[in-house]
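Spelled out from the first residue to the last, the chains are:
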Amino acid sequence: MKRLKSIIILLALMLVPLLAMAQEAAEYPANYARAPRFKALLYYSDTAEPAHVDFANQAIDFFNRLTYGEGWILETTTSLRDYVDRLDDFSVIIVINITPEPGREREAMERYMENGGGWLGFHAAAYNDRNTNWPWLNKFLGCGAFYCNNWPPQPVLLDIDAPESDVTRNLPASFVAPESEWYQWNPSPRDNADVEILASISPKNYPLGIKDVIRHGDFPIAWRNKNYRMVYLNYGHGDREFTDATQNLMTLNAFRYVVSRDPKGNPFEK
Ligand code: ZN
């Protein structure tokens with residue numbers, strides 16, 4: 001009997017640290033992810049040209065993976081119709097390959113951005129020509145209309161223009177970006193004093209293209225307009241855009257840059 005008692009006491013003593021560990025483990029995720037810190041809305045088209053839909057699908061996967069720690073919430077939509085009254089719920093709108101519809105959707109986007117909203121746009125998000133008929137988009141981007149593009153899609157050597165920026169400071173001075181269709185703008189956003197150019201296509205790439213060849217011209221492909229909480233990244237064509245760690249880091253930096261300047265407070269510091 002005495003022996004049995006000793007065994008029970010021994011077992012109980014052995015259980016104490018195990019119970020403490022179990023309690024710690026149970027508390028750990030609850031403490032870490034007590035509440036998602038912000039929401040992002042990813043806005044895309046699934047009926048655009050196939051290479052732009054390929055990019056959209058991979059972008060959704062890329063950003064979705066960043067939510068695995070449950071630190072923030074990603075919503076995806078192919079229409080802003082149901083969001084016009086609640087864009088303010090989101091720290092950032094990630095615009096993949098689409099332009100809002102004229103009327104309420106464009107007005108909602110303008111209102112949101114003019115009041116401190118966050119925008120991370122890729123490739124066709126900034127496409128505009130004489131048919132787009134949305135002058136605010138040019139003011140917002142700080143550049144003229146779409147001017148020309150290379151074809152077929154190609155990798156290019158990029159030069160970093162702003163090595164001190166939070167979007168680029170941990171990147172090499174130059175790197176080769178995966179193949180994309182690259183857009184040039186006229187006038188260039190570099191002509192706008194409110195724009196900070198982050199990266200450009202190096203002149204060493206000229207002539208760029210085979211069918212559609214670009215032979216010269218200022219060629220910024222990543223920038224921000226200082227009047228808004230935004231970054232534009234021109235890549236976003238095809239299924240190779242997330243194959244390069246350096247470019248992925250620039251994408252991630254741009255996302256963090258926009259979100260961290262939320263006027264409601266930096267969610268990453270919560
Ligand atoms: Zn394209």
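J.: Outline the sheet that holds strand β10 (residues 220-225), listing residues and values.
T.: Spatial ordering of the open sheet is given by β2-β1-β3-β4-β11-β10-β9-β6-β7, a layout of 9 strands whose pairing is mixed. In this open sheet, the two edge strands, each paired with only one partner strand, are β2 (72-77) and β7 (174-180). Adjacent strand axes in the sheet meet at a mean angle of 20 degrees, parallel and antiparallel pairs treated alike. Where strand β1 (residues 38-43) and strand β3 (residues 92-95) come together, 4 bridges link them in parallel fashion. Its bridge partner lying in β3, Leu41 is registered against Ile93. Helix α5 (residues 245-260) contacts β1, β2, β3, β4 (118-122), β6 (154-160), β7, β10 and β11 (229-233) of the sheet and is inclined by roughly 165 degrees relative to β11.

J.: Which residues make up the nonpolar core, and what are the values?
T.: Counting residues in each nonpolar core, the largest one holds 46 residues, and the members touching the most others are Phe63 and Ile94. Beyond its immediate stretch of four places on either side in the chain, Phe63 contacts Leu42, Trp72, Leu74, Ile94, Leu120, Phe122, Thr251 and Phe255.

J.: Which residues make up the coordination of the zinc ion, and what values do they have?
T.: All of the protein donors around the zinc ion are His52 (NE2), His123 (NE2), Glu181 (OE) and His237 (ND1); their distances to the metal are 2.0 to 2.1 Å. Each of the 4 donor atoms bound to the zinc ion contributes to angles spanning 97 to 144 degrees, and the resulting shape is irregular. Donor residues binding the zinc ion come from one chain and are separated in sequence as H-x70-H-x57-E-x55-H. Of the two residues, His52 sits in helix α2 (residues 50-65) while His123 sits in the loop between β4 and α4 (135-141), which places them 71 residues apart along the sequence. Residue His52 is classed as buried on the basis of its relative accessible area of 5%. Of the residues examined, His123 reaches a relative accessible area of 0% and is grouped as buried.

J.: Tell me what's going on with the pairing of β2, and back it up with residues and numbers.
T.: Across 6 bridges, the pairing between β1 and β2 is parallel. Bridge pairing in β2 links Leu42 to Thr76.

J.: Please set out the pattern of salt bridges residue by residue, giving values where relevant.
T.: Per the counting criterion, the structure on display carries 9 salt bridges. Arg65 is paired through a salt bridge with Asp61; the nearest N and O atoms lie 3.1 Å apart. Of this pair, Arg65 and Asp61 are both found in helix α2, 4 residues apart, which corresponds to roughly one turn of the helix. A residue is classified by how much of its surface remains accessible, and Asp61, at 36% relative accessible area, is partly exposed.

Rules of the game
- Starting afresh in each chain, residues are numbered from 1 along the sequence in its written order.
- The predicted nature of this model means local features are confined to residues of pLDDT at least 70 and side-chain atom pairs, given and counted, to a pLDDT of 80 or more, with totals for whole chains, interfaces and linings taken over all residues.
- Side-chain numbers here rest on the full set of heavy atoms in the structure, without hydrogens or water.
- One requirement defines pairing of two strands: DSSP has to find at least two bridges between them.
- Only runs of H or I of at least four residues qualify as helices and only runs of E of at least two qualify as strands under DSSP, and these elements are numbered from the N terminus.
- Only the contacting stretch of a helix is used when fitting its axis, a line to C-alpha atoms as for every element, and angles between N-to-C directions run 0 to 180 degrees.
- It only takes one pair of heavy atoms within 4.5 Å for two residues to be counted as in contact.
- By convention a nonpolar core is built from buried Ala, Val, Leu, Ile, Met, Phe, Trp, Tyr and Cys residues, the set being connected through side-chain atoms within 4.5 Å.
- Working definition: with a 1.4 Å probe on protein chains only, accessible area under 20% of the residue-type maximum means buried, over 50% means exposed, and in between means partly exposed.
- Distances define the donors: N, O and S atoms within 2.8 Å of the metal qualify, as do those within 3.2 Å of Na, K or Ca. Water is excluded, so some sites may look unfinished.
- Only two sets of limits are used to name each site, 85 to 135 degrees for every angle of a tetrahedral four-donor site, and over 155 degrees for opposite donors with all other angles from 65 to 115 for a square planar four-donor or octahedral six-donor site, with any other site named irregular.
- One side-chain nitrogen of Lys or Arg within 4 Å of one carboxyl oxygen of Asp or Glu is enough to make a salt bridge.

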